[in-house]
Amino acid sequence: MTDIQATDAASGAGGTAEDDAFRVIEARELCLTFETNDGPVHALSNVDLTVDRGEFVSFIGPSGCGKTTLLRVIADLEKATAGTISVNGMSPEEARRKRAYGYVFQAAALYPWRTIAGNVALPLEIMGLDKAERAERIARNLELVNLSGFERKFPWQLSGGMQQRASIARALAVEPDLLLMDEPFGALDEIVRDHLNEQLNQLWDRTNKTVIFVTHSIPEAVFLSTKIVVMSPRPGRVHDVIDCNLPRERTLDIRETPEFLEIAHRVRDGLRAGHAYDDE
Amino acid sequence: MSRSVPLTVLAGGIALLAGLAIQIISADAVWSPSYGLAAALLASSYLLAIVWRHGAAAAFLLLAIVHLAAIPLIGHIGHGEGEMGPAYWALLISGWLAAWTSVTRLTAAARSVPPSARQAINLLIPFVFGVWLILIWEAVTRGAGIPQVLLPAPSAVWAKLIASLPILWADFVQTFMKAVIAGYVLGCGIGFGTAILVDRSPFLKRGLMPVGNMVSALPIIGVAPIMVMWFGFDWQSKAAVVVIMTFFPMLVNTLEGLSASSAMQRDLMRTYAASYSQTLLKLRLVEALPFIFNALKINSTLALIGAIVSEFFGTPIVGMGFRISTEVGRMNVDMVWAEIAVAALAGSAFYGSLVLIERTLTFWHPSNR
């Protein structure tokens, strides 16, 4: 029942883009089971998902619903045990080898022995770019996240919010069309989080990238997304897919509007229903 | 709190007065101008300690007076070697307590001075401690007439050291420059290389590591006679002992360090499609640096011990271990101590330079920044 709903909603959103060139993620009946000492854990169960170019898709759900696992399968950090998934028309492994995405982790995960500029340079060095190209990309992406002037600082000299911005610049420096973000602002306080949400919205609007964003905050998901995937746990599955047709360019004030509150309400209902199902 | 006189000042003052009283009443006391001068300087230092208690200037003045007093305190022994009585020991204790007071004051003053001066004070304090250790050693050995075979005075060791510089240098070259350096570089290098190989091979990790952990706990110095049989009497057999001693600590520590990077950091490298060698060089080896330096530091002392002790089992007629074992047999204990001093100096310099290199390379580590 829920799977059909999810597929309906997904095809509804992607209805205008039948052309495969616009399809960034395509997952069908994706399953992932971890074998543990307490028996198998179904982290993902029959997940169907489509993401089109330029979308901002949030995965939302309680802990253990598989939202991070799904993101890690897309990034080829985990392997699905059943089902099919393609990223940019390739297998996740091919996409990873072609550096098709940038990944932002829950923590900034900056290397403490490298300066901010050095951290942004890390993927560029691995890609084998020459020095001039590296310098150009470092400057451009640090400016994009408002960190110009902090090139020579070390990560531990910066605040948590600035560190996370640097890690976003590092992911952007690879110049991927797809940005995967795993609760990037989860460890930050409310004020910094609001501010970074606004900046991320502007960044997405300006660069026209596809973003997949994992969160467990409803306002964050509604504020940022064009599509919200509501997930529920045990087994991890897609409960509902909610379209979020707010204007592309958003300010924090939008959170007071009826449209926003209506969508937030639907997300909350979806989360609650997912839980009720679990309690039975 | 600030009204009361500190215990060190009280005890030192009492010791000073007691010393003077005994000196005056006892019939066989040794008199000299040095005794009076030392007593006068110590008395003024205690007066100063009571009157002017706070600030870096007071602490430094106190320190200066106390160390000025140390000169006649040692000089007085010359007027009666081995005949020092209670009057002298009381004065010595009083001097030691005055030095203690000055260091306490200096530590307190260090909190209110700029960081650069604080760093200088932090270096000065262990230096003062070392100076008084040697002063008391000198005073006790000479003042109480302790036989040289049991414990020579530092001044005697110093004299011997200066007189036998060419021999000490030859021994140093033989033991340190040849056996220690060659064995250390080889042992650490092979240990490091093996760790990289073991890290790549699960079979080696399962098979070699339990053996490695066991061997690193064995007293490897026991193989020294076997090494002499294998590699001859010269430095090569000592270097071989050092190689065996340093290999396993390096192997075990490097392996531990290679697994020090977090899963998230390794995932990050995976998302960049980084190769094995890129991940190794840009992430895992850097994270392993504190562990590798730990092994390098442990090995610097192990190497020196290994090289010196293995010379006890057969050597040409040069080398620090050889000199120690033969001179002790000839009762030339001052020469033994001179060798020990050279070994201590070389070992500290070795260890210290490793610490300096470590600080520059791991400035980012939470323990250093």
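Basis of the calculations
- Residues numbered from 1 in each chain as written.
- Chains lettered and ligands numbered in written order.
- Predicted model: local features only at pLDDT ≥ 70, side-chain atom pairs only at ≥ 80, totals over all residues.
- Heavy atoms only, no water.
- Helix = DSSP H or I, 4+ residues; strand = E, 2+ residues; numbered from the N terminus.
- Rg over C-alpha atoms; globule rule 2.2 N^0.38 Å.
- Buried < 20%, exposed > 50% of the residue type's maximum accessible area, 1.4 Å probe, protein only.
- Polar contact = N/O pair within 3.5 Å; in protein donor to acceptor, adjacent residues only side chain to side chain.
- Contact = heavy atoms within 4.5 Å.
- Buried area = accessible area lost by both parts, 1.4 Å probe.
- Nonpolar A, V, L, I, M, F, W, Y, C, P; charged D, E, K, R; others polar.
- Phe/Tyr/Trp six-rings, centres within 6.5 Å; stacked < 30°, edge-to-face > 60°.
- Lys NZ or Arg CZ within 6 Å of the ring centre and 35° of its normal.
- Core = buried A, V, L, I, M, F, W, Y, C linked by side-chain atoms within 4.5 Å.
- Domains from an automatic or database assignment.
- Pairing = 2+ DSSP bridges.
- Axes fitted to C-alpha atoms, helices over the stretch in contact; angles between N-to-C directions.
- Expected span 1.5 Å × (residues − 1).
- Bend = angle between axes of the 7 residues up to and from the residue.
- Parallel < 35°, antiparallel > 145°, perpendicular 65-115°, else oblique.
- Left-handed = near helix turned anticlockwise from the far one by under 90°.
- Salt bridge = Lys/Arg side-chain N within 4 Å of Asp/Glu carboxyl O.

**Examining the overall build of chain B**
Then step 1. A count of helices and strands for chain B gives 14 helices and 0 strands.
Then step 2. For chain B, whose C-alpha radius of gyration is 27 Å, the value lies well above the compact-globule estimate of 21 Å for 369 residues.
Then step 3. Dimensions of chain B, computed from the C-alpha atoms along their principal axes, are close to 85 × 55 × 30 Å.
Then step 4. Looking at chain B residue by residue over its 369 residues, the buried ones come to 47%.

**Remarks on the side chain of B:Gln265**
Then step 1. Summarising the element assignment, B:Gln265 is placed in helix 11 (residues 263-271).
Then step 2. For B:Gln265, the side chain forms a polar contact with the side chain of B:Glu287, separated by 3.4 Å.

**A look at the interface of chain B and chain A**
Then step 1. Listed as interface residues are 18 residues of chain B and, on the opposing side, 26 residues of chain A.
Then step 2. Carbon and sulfur atoms make up 66% of the surface buried where chain B meets chain A, a total of about 2100 Å² over both sides.
Then step 3. Taken together, the connections running from chain B to chain A amount to 7 residue pairs in polar contact (both at pLDDT 80 or more).
Then step 4. Among the secondary structure elements, those contributing two or more residues to the side of chain B that touches chain A are helix 11 and helix 12 (276-310) of chain B.
Then step 5. The element that contributes the greatest number of residues to the side of chain B that touches chain A is helix 11 of chain B, accounting for 7 residues.
Then step 6. In terms of residue class, the side of chain B that touches chain A is made up of 10 nonpolar, 3 polar and 5 charged.

**Some points on unusual backbone geometry**
Residue and element names in this part refer to chain A.
Then step 1. Here the bond from Arg-234 into Pro-235 is cis, since omega is -5°, no more than 30 degrees from zero.
Then step 2. One can find Pro-235 in the loop between strand 8 (227-232) and strand 9 (237-243).
Then step 3. Even without glycine at this site, Asn-46 takes up a positive phi of about 50°.
Then step 4. Note that Asn-46 resides in strand 2 (residues 39-52).
Then step 5. For Asn-46, a relative accessible area of 32% translates into the label partly exposed.

**Describing the packing of aromatic side chains**
Then step 1. Throughout the structure, instances matching the rule amount to 18 aromatic pairs over all chains.
Then step 2. Taking the centre distance of 5.1 Å and the plane angle of 70° together, the rings of A:Phe154 and B:Phe363 count as edge-to-face. Of this pair, A:Phe154 sits in the loop between helix 5 (131-144) and helix 6 (160-173) while B:Phe363 sits in the segment after helix 14 (333-361), each in a different chain.
Then step 3. Residue A:Phe154 is classed as buried on the basis of its relative accessible area, which comes to 17%.
Then step 4. Accessibility expressed as a relative area gives 29% for B:Phe363, which makes it partly exposed.
Then step 5. Ring geometry for B:Trp230 and B:Phe231: centres 6.3 Å apart, planes at 70°, overall edge-to-face.
Then step 6. An aromatic cluster is present here, built from B:Trp169, B:Phe172, B:Phe176, B:Tyr184 and B:Phe350 joined pairwise through their rings.
Then step 7. When the ring centre of A:Trp204 is taken as reference, the NZ or CZ atom of A:Arg248 above it lies at 4.1 Å.

**Observations regarding the nonpolar core**
Then step 1. Residues A:Ile25, A:Leu49, A:Phe59, A:Ile74, A:Leu180 and A:Ile212 are the most contacted members of the largest nonpolar core, which totals 82 residues.
Then step 2. With 14 residues, helix 12 of chain B is the largest single contributor of residues to this core.

**A short note on the environment of A:Leu147**
Residues and elements named next belong to chain A.
Then step 1. Here Leu-147 lies in the loop between helix 5 and helix 6.
Then step 2. Between the alpha carbons of Leu-147 and Gln-163 there is a distance of 9.6 Å; along the sequence they are 16 residues apart.
Then step 3. Every residue in contact with Leu-147, bar those within four places of it in the chain, is listed here: Leu-142, Met-162, Arg-165 and Ala-166.

**Focus on the domain arrangement of chain B**
Then step 1. By domain assignment, chain B separates into domain 1 (7-146) and domain 2 (162-361).
Then step 2. Taking the mean C-alpha position of each, domain 1 of chain B and domain 2 of chain B sit 42 Å from one another.

**A look at the pairing of strand 9 of chain A**
Then step 1. Of all 7 residues making up strand 9 of chain A, 5 are buried, and the element is well covered by its neighbours.
Then step 2. From the end of strand 8 of chain A to the start of strand 9 of chain A, which pair antiparallel, there are 4 residues, and A:Arg234 there has a positive phi angle of about 50°.

**Re the sheet that holds strand 2 of chain A**
Residue and element names in this part refer to chain A.
Then step 1. Read across the sheet, 3 strands follow the order 2-1-4 without closing on themselves; strand pairing throughout is antiparallel. Single-partner strands in this sheet number two, and they are strand 2 and strand 4 (82-87). Across the sheet, the mean angle separating the axes of adjacent strands is 20° when strand polarity is ignored.
Then step 2. Across 5 bridges, strand 1 (residues 23-36) lies against strand 4 in antiparallel orientation. Note on strand 4: the bridge partner recorded for Ile-25 is Val-87.

**So, helix 10 (residues 235-258) of chain B**
Every α-helical turn comprises 3.6 residues, leaving residues that sit three or four positions apart pointing alike.
All names here are of chain B.
Then step 1. With 24 residues, helix 10 should cover 34 Å at 1.5 Å per step; its first-to-last C-alpha distance of 33 Å lies within 8% of that length.
Then step 2. The largest bend along helix 10 measures about 25° and falls at Thr-246, with the proline Pro-249 one to four residues further on.
Then step 3. Counting buried residues along helix 10, 20 of its 24 residues qualify, which places the element largely inside the surrounding structure.

**So, the packing of helix 11 of chain B against helix 12 of chain B**
Packed helix pairs are specified by the crossing angle of their axes together with the interaxial distance, meaning the distance between the axes.
All names here are of chain B.
Then step 1. At a minimum axis separation of 10 Å, helix 11 and helix 12 run at an interaxial angle of 165°. In terms of orientation, helix 11 and helix 12 fall into the roughly antiparallel class. In this structure, helix 11 crosses over helix 12, and the sense of that crossing is right-handed. Listed contacts from helix 12 to Gln-265, Arg-266 and Met-269 of helix 11 are Gln-278, Thr-279, Lys-282, Leu-283 and Glu-287.
Then step 2. Here the contact of helix 11 with helix 12 is composed, by residue class, of 2 nonpolar, 3 polar and 3 charged.

**Re the domain arrangement of chain A**
Residues and elements named next belong to chain A.
Then step 1. One can read the domain layout of chain A as domain 1 (2-100 + 177-279) and domain 2 (110-175).
Then step 2. Between domain 1 and domain 2, the contact holds 14 residues from the first and 14 residues from the second.
Then step 3. For the pair domain 1 and domain 2, the summed buried area comes to about 1100 Å², and 70% of that belongs to carbon and sulfur atoms.
Then step 4. By the criterion of area lost to domain 2, the three top residues of domain 1 are Arg-99, Gln-199 and Leu-203, representing 40% of everything that side buries.

**Side note on the sheet that holds strand 6 (residues 178-182) of chain A**
Residue and element names in this part refer to chain A.
Then step 1. With respect to topology, 6 strands assemble into an open sheet ordered 5-6-7-3-8-9, the strand pairing being mixed. One side of each edge strand has no neighbouring strand; the edge strands of this open sheet are strand 5 (101-104) and strand 9. Averaged over all pairs of adjacent strands, the angle between their axes in this sheet comes to 15°, without regard to strand direction.
Then step 2. Examined bridge by bridge, strand 8 and strand 9 share 6 bridges and lie antiparallel to one another.

**As for the pattern of salt bridges**
Then step 1. Here the structure, examined in full by the defined rule, presents 28 salt bridges over all chains.
Then step 2. Ionic pairing is found between A:Glu78 and A:Arg72, a salt bridge with its closest N-O pair at 3.1 Å.
Then step 3. Residue classification places A:Glu78 among the partly exposed residues on the basis of a relative accessible area of 22%.
Then step 4. Its salt-bridge partner being A:Asp76, residue A:Lys79 comes within 2.6 Å of it at the nearest N-O pair.
Then step 5. A relative accessible area of 2% means that A:Asp76 is categorised as buried.
Then step 6. Taken together, the shared-partner salt bridges connect A:Asp76, A:Lys79, A:Glu93, A:Arg96, A:Arg97 and B:Arg270 into one network.

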